[in-house]
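A look at the structure
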Amino acid sequence: MQLKEITFEEFKNKMLDSYNELFPEDERKELSTIKRCYDLGVEKIYGIVVDNTYVGFIMAEKLGDSYPYYGDYFAIFKKYQNRGYGSESFKLFLDNVVNDGCLIGEIEQLDKGIDEKDNSNRLRRYNFYKQFDIKTSKTREYLLFNVLYIPVYFSTYEIDDEKLDKFFIDYYIFNINNQKIFNENVKIIINENKVK
């Protein structure tokens, strides 16, 4: 298996249909936003290759040297799932791209108000990332477009919650690219009594 950095055009021509199939519409970025981020050198797209065949992709952003990577999208195409490619490719990404740095992202909170299948998918994602020594915010949750998330990161060092907030806010503002929409749809919830 290998990770191959690909262009936006390669992603659009070879992976867009799978991206649209694997991610619900409300979780997908507009293609124009992905292109803008790519053209600005922030979005990096990696094809996951096994035996000269693309089996999935990882999309991550990097705003600059002082920022961690931000995990945008990670998927194994449906016909290649349940073969261990997800674990192997994520480990390759952490070891060879993130290296000794840091990768941040968010995972949806379990929610009693949604159907059991959605919660089991959320729990499955969390359990997948647990094998990579996932770290979570000690006191934060983020309400993003009416969905509650836990900020997470993968790193050999700890990041305090205030610094984590700054990283996430900068990435959200960059991606949303509209201060009004950001202000209306992104909320940081601080709970000093949060138990891990």
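See the structure printed just above.
A few points on the structure. (Residues numbered from 1 in each chain as written. Predicted model: local features only at pLDDT ≥ 70, side-chain atom pairs only at ≥ 80, totals over all residues. Heavy atoms only, no water.)

The next subject is the side chain of aspartate 161. If you trace the backbone, aspartate 161 turns up in helix α6 (residues 161-176). Among the polar contacts made by the side chain of aspartate 161, one reaches the main-chain amide nitrogen of lysine 138 at a distance of 3.3 Å. Ignoring sequence-local partners within four residues, the contact set of aspartate 161 consists of Ser137, Lys138, Thr139 and Arg140. (Helix = DSSP H or I, 4+ residues; strand = E, 2+ residues; numbered from the N terminus. Polar contact = N/O pair within 3.5 Å; in protein donor to acceptor, adjacent residues only side chain to side chain. Contact = heavy atoms within 4.5 Å.)

Time to look at the pattern of salt bridges. Evaluated as defined, the whole model comprises 13 salt bridges. A salt bridge links glutamate 43 to lysine 29, with the shortest nitrogen-to-oxygen separation between them at 3.1 Å. With glutamate 43 in strand β2 (residues 43-50) and lysine 29 in the loop between α2 (16-22) and α3 (31-39), this residue pair connects regions lying 14 residues apart in the sequence. For the residue pair glutamate 43 and lysine 29, the accessibility class agrees, reading buried in each case. Across the pair arginine 140 and glutamate 162 runs a salt bridge whose closest N-O atoms are separated by 3.5 Å. Of this pair, arginine 140 sits in strand β7 (residues 140-144) while glutamate 162 sits in helix α6; the two residues are 22 residues apart in sequence, bridging distant segments of the chain. The network of salt bridges with common partners includes Lys29, Glu43, Glu61 and Asp72. (Salt bridge = Lys/Arg side-chain N within 4 Å of Asp/Glu carboxyl O. Buried < 20%, exposed > 50% of the residue type's maximum accessible area, 1.4 Å probe, protein only.)

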